[in-house]
Every structure is written in structure tokens, then in C-alpha cells.
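Tertiary structure, described
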Amino acid sequence: MHEQEMTMREALSLALAQALDTDDRVFLLGEDIADPGAAGPTAGLSTRYGRERVLDTPISEAGIVGAAIGAAIGGLLPVAEIMIMDFIGIAADQMINNAAKLRFMTAGRTTAPITVRTQVYGGLATGATHSQTLEAWFMHIPGMKVIVPSTPRDGKGLLTSAIFDEDPCLFVETIRLQGKKGSVPVDPGFAIPLGQADVKRAGTDVTLISYGRSVHDALAAAATLQHQHGVSAEVVDLRTLVPLDVQTMVSSVRRTRRAVVVHDAVRFAGPGAEIVAILQAQLFGELEAPVERVGARFVPAPAAAALEAQIYPSPAGIVAAAQRTLDRSRARVHG
Amino acid sequence: MTQPAEVQRRIYALMVLMKAADDRLSTGIGTGEFLCVYWPSRGQEAIAAAMGVALRADDQLVTTYRGLHDLIGKGVALEEIYGEMMGRTVGAGRGKGGTMHIAKPEAGVMLSTGIVGAGAPVGVGLAMAARRKGLDRVTVVSLGDGATNTGSFHEAANMAALWDLPVIFLCQNNLYAEMTPTADTMKLEHVADRAAGYGMAGVRVDGNDPLAVVTALDEALDTARRGDGPTFVECVTFRFRGHYFGDRMPYIPKDQLEAALAADPVPRFRAHLVDAGLATDQELDRVEARAAERVETALQTVISAGAPSIEELDRDVYATPITFPV
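Keep in mind that this is a model prediction, so the values were computed, not measured. (Residues numbered from 1 in each chain as written. Chains lettered and ligands numbered in written order. Predicted model: local features only at pLDDT ≥ 70, side-chain atom pairs only at ≥ 80, totals over all residues.)

1. With respect to the nonpolar core
Leu208 and Ala322 of chain A together with Ala50, Leu217 and Val233 of chain B are the most contacted members of the largest nonpolar core, which has 191 residues in total. Ranked by the residues each element gives to this core, the list is headed by helix H1 (residues 5-31) of chain B, at 10 residues. Setting aside residues up to four positions removed in sequence, Ala322 of chain A forms contacts with Val206, Leu208, Ala221, Leu225, Val231, Ala233 and Val260 of chain A. Membership of the second largest hydrophobic core comes to six residues, among which are Ala265, Val266, Ala301 and Tyr312 of chain A. (Core = buried A, V, L, I, M, F, W, Y, C linked by C-beta atoms within 7 Å. Buried ≥ 20, exposed ≤ 12 C-beta atoms within 10 Å, placed from the backbone. Helix = DSSP H or I, 4+ residues; strand = E, 2+ residues; numbered from the N terminus. Contact = placed C-beta atoms within 7 Å.)

Here it is in C-alpha cells:
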């Protein structure tokens, strides 16, 4: 399959363009998504596909997602954009009480195969209401799928799957990844099935389980662990939180017997809590150490860059957590 | 505009069926014959019956938890409504959705919502889909006065007007938002005055007069089908049984309730049909008897139907089931 080097932004844009090309039912709606105001992955699309299919909306998040749901019930495949993830609270009722539940409540008579793209702004010193990583909220809602890509390749493949998926999908982008480059298959048929984790790096001593932006921190930590400490870390990128590829993560940790779960979401009651619970229930007796978690500190995101830098996971923090799992197992053997 | 006799008789038949369906629930729940949660529509029949004759079969409806009359007006079978209310396999959603969440796309009922105001944006999207498909169908969003105080309604009304979408906001103003009088929840005396703020046409009619409602709906439907955008139709009416079944209505002044009951739209329209020579008392007695029979037949079908099987829990959560380790 032919591949091209491109940024995450370009990869997402390509996925949207190809979906618009291949299926008349697809249309995009959101705030500032049409030219000339658009700056993100939708830039250029309204010029190519027209404003009927790339529709600028009022600042009305509940209206955007609600309209997407109605259009989906009516047979279209809408891709709604919530500009910054912190705004999703305004649209949450539509996602939680309509999109996620329609199929069940109507025994399949109506469904809402919408995609809601949104973006985490954390790391830009934009303060507490423009920084949050909130995917855990939606993992908790039966009927919703939750997708968080880490690379341009995954961005394109997963967004394509989300748009054509029969269930409502929350697709979480990260501003700090939009400029990141990688090799991407350009074939419109390229799609990555939802619910398949990706082993980004093979290892034998500890498994670093992550998704989204912090996968890159986990990879950096794995390199440090190898070069400076002689520790072989495996890195598992979950790619989707619902469905969750339990098999891949459990089989990895079954081999390494140690795990660290890493995410940019607040650690307390974050997605890692569920992942750890599953690992410990499935692997009790096989683990060498309690599973570690690395996540954002339980404070509102501070605006000052010096403070903000303190709250998110870092490669150094992941290395330290991995070392704690190794120390615990050594202590068990020798202590 | 005068409606043909046949249309007026259809309106009355619908009103009587809505009333009979409500009355039978009231008796059954009240005596403990069966259990279900219910937000009664008794008193609001004229609006839904008018909608029933004004809309085409392919026009779409978004309604609310107080939707019994609307669902009947749009042609959903009583068995599917009662079945859903009582959690039986014959319900529109096999008993999984309940009273507040009935959908029957084949009849044009696309959504019933239990979240006040949440249906309005969905109605906007349905209208967008209709336009994109080149269809001239109209989407009616049936809602209460209380719903117009929500942000969802405001966002949807603005979008519908902005894009000239084929939507009708059919406001059934029953003078109470749950237990609070409308006058305590909005500065405006007439809910329809809100429409001007969106650049939308707004009309206010007697919601107990089905012919007035039909006239307003016909004009709104023509406007929408022409591509000239949405209309807000306020129908002033009253709820005879309060917010939920069993509501003792301590918040409703006695004289207000008595006056509302005296203006009951069902006997009022019956009297009109007889006075205008459009039907005889004997004919209308038969219509009422038939409605009661239909309701009883549906009820017995529902009562003898089973409860949904446990397997239903794992169906329809996702298109393809997702399982997690327990």
C-alpha cells in the first residue's frame, strides 16, 4: 500500500476528504470548520466539497451534536466537531442520553452512527477550561465508543473506521500531536478496526500501556529504560478505550509480569483505574508488583507553563514508575 | 379555513382514541390492575389529533415523555405504545425503552425524549437529512412550554431559522412546566413571542380547538415545504392529570382546574360536530365505543405478552456486542 509522510493534521484531513469523496452521506459540522476560518484538519475541505457538506455552525455544542444525531437517524453519516474537549460538557447530554442509548432504547429501530471529533488542548498554557482530557467520562456510557489515536497512521485509519462505524464514536485528537509526522497509507480503503491495540515496541521486563499523546512519552521512557537501565519495556498503544483490547494488554503483561498504565487524563478515577482493575483481576498471582499508574495530577490545569509542566506524565515519571515495579519484585525475591 | 366533514370526523376519532387510551391507563394504574410509569396527556388531545390529520405519513415527529397522544396521532399502534409502557415484548422497543423513549420510524416517530428540550436539536438534524436527500418532508418537534427555557431549544431554534429548515416547533403550552406555572419561569406572556428572537414566524392558537391547530399547522407545513423555514406554533391547552400519573396537583388553583375541565376539548369538539350537522350523536357514540374496544383489545394483547428475555440486555447496546471481562 502506497504511503506518504505527513502530519497528524494532514492525515486526519485526508481521512475526512476521502470519506466525503467515497460516501455522499458523510458531512461535517462544527464551529469554524469551513474556510477561510478553518485552521485544523478541516482546513480546505469546504472549498473542495462546498458548505453544504462542510458546515459552519453557531457556537451551539448541544445543537451541533443533537443535529448530528438527527441527521444520523435520518440516514446520514455526520462528523461533528467539538472544537476543544472542555466544551463537550455542553454537548454531553446529546451524546450520553441520545446518541449512546438510542439503539438500545428503541431495540435497534433508530441508531446514531455519529462521529464526534474533539481536541485536547492540554500543554498550551490555556488554563483549566481549555486543557482537559475527559475520555473517561464517555468510557462510562454503554453505547459509546472512544478512540484516541497517537500517530498519523492511526489517526487516518481509526477516523475512517469511526466515520463508517454503526455506533456513535468519540474521536479524541490532541493539539500537541497535530504537527507530528509519520508515514500514512494514502489508499482510501485503509482503515484500522476499532478495538485492536498496537504493540509499539516489544519488550520482556515491563509493559507500558498507554494511548494518545502519552504513547510518545512511554516510547521515550522505554528507550531510556533500555539504554540507561538495561530494562526491556514493551509499549502497548490501546488506540481505542471502548472497545478495549483486553487480550493484547493481558497477554503482554502475562509475559512481562509488570505494568505501568500511562495517560494524560487525571490519574484519579481515570481510564487507568479500569485497566489496572482488569489486569489485576486477570493476572493476580502472576504479577511481580502492583500495576503502576502515571496520569495527570488531580488539580485543575494551571495556566502558568511552569506549573502546567508539572501535572502531565513525563518520560522520567514513567521510567520511575517502571523502576518501582522492578524494585518491588526484587524486594519480594530478596526481602 | 373550514375542514371537510370527513377530516373533522377523523380528528374526533383520534381525540377519542387518545382520551380512551389515557382513561384506561388511569383506571388500570389507579386500581393496581397493572403497573407502568406514565405522564398523562389527557386534556391535550386537540393538538395531537390536529397534527395527526395535518401531517403526511412521511412527515416526521420528535416528541416527549408526555407523548401518548402524539404517538397515537402519528399512527403508532396502541399495542406498541402500551407494550413499551408496560415493559413487554410487543412494545415498540421490546420494553427496553419505556414510556419516555418510544420510536417508530415507519410511522415517522423518530424520537421520544425524557430530557426536556433535548429533542429540538435532533429535529434540526432530521430536517437537515430530509433536505440533503431532496425530500419535502417536514419535521415536527413537539415540546412543552418548559422546554423553551432550555439551552437546547434555543440552540435548535436558532439553527433551524438560520438555515431555513423544514421544522415546526409545536409547543403544547399546558401552562405548567412540571409543577411550576409558566408565569414563574418566563417573563413573556406568550411563548410564541420567542420566535421573533430567532427570526422565525410564531403563532399562538387555542390548543383546545383542533381546527385552529390544523389551520396553523397547514400554514406552517406549506412554509416549511416551500423552503421558507421553521414556524413556532404555540397551542394553549391544559393538562388534566398533572405532571405524572398520581400527581395530586397541590400547585394548581382549584378554580383554574375546574375551568380547564369545563373546557375539555373532547366534548367541546363533539358538540361542534353535532351542532354543525357533521355527525349525529349516535354516530359519535359508536366512535367512542369503538375506541374503547380498540384500547381494551390492545391492553389485553399487551398484558398477555411476555416480559423481554434476559438476552435483551446484551442486544442493541452496540451494533456488534462488546464484552468486557467481569
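2. Considerations on the interface of chain B and chain A
Each partner contributes to the interface: chain B provides 37 residues, whereas chain A provides 38 residues. Of all the secondary structure elements, the ones that give two or more residues to the side of chain B that touches chain A are strand E2 (109-113), helix H5 (119-132) and helix H6 (151-162) of chain B. Per-class residue counts for the side of chain B that touches chain A are 23 nonpolar, eight polar and six charged. (Nonpolar A, V, L, I, M, F, W, Y, C, P; charged D, E, K, R; others polar.)

3. Re the sheet that holds strand E7 (residues 201-206) of chain B
Residues and elements named next belong to chain B. Ordered by their spatial adjacency, six strands build an open sheet running E2-E1-E3-E4-E8-E7, and the pairing between neighbours is parallel. Strand pairing shows two members of the sheet lacking a second neighbour, E2 and E7, which therefore form its edges. On average, each strand axis in the sheet is inclined to that of its neighbour by 15 degrees, with strand direction left out of account. Pairing between strand E1 (residues 60-64) and E2: four bridges, direction parallel. When the bridges of E2 are listed, Val62 appears paired with Leu111. (Pairing = 2+ DSSP bridges. Axes fitted to C-alpha atoms, helices over the stretch in contact; angles between N-to-C directions.)

4. Some points on the packing of helix H1 (residues 8-22) of chain A against helix H7 (residues 152-164) of chain A
Residues and elements named next belong to chain A. Axis separation between H1 and H7 bottoms out at 8 Å; the angle between their running directions is 30 degrees. Considering the angle they form, H1 stands roughly parallel to H7. The hand of the H1/H7 crossing is right-handed. Contacts between H1 and H7 involve Met8, Ala11, Leu12, Leu14, Ala15 and Ala19 from the first element and Pro152, Gly155, Lys156, Leu159, Thr160 and Ile163 from the second. Here the contact of H1 with H7 is built from residues that sort into nine nonpolar, two polar and one charged. (Parallel < 35°, antiparallel > 145°, perpendicular 65-115°, else oblique. Left-handed = near helix turned anticlockwise from the far one by under 90°.)

5. A closer look at the confidence of the model for chain B
Confidence along chain B averages 97 in pLDDT terms, with 99% of residues attaining 70 or more. Note on the complex model: pTM 0.97, ipTM 0.97. (pLDDT = per-residue confidence, 0-100.)

6. So, the sheet that holds strand E5 (residues 115-120) of chain A
Residues and elements named next belong to chain A. The mixed open sheet is built from seven strands, whose spatial order is E3-E2-E4-E5-E7-E6-E12. Since the sheet does not close on itself, it has two edges, and those belong to strand E3 (54-56) and strand E12 (240-242), each with one partner. In this sheet, neighbouring strand axes are inclined to one another by 20 degrees on average, regardless of whether the strands run parallel or antiparallel.

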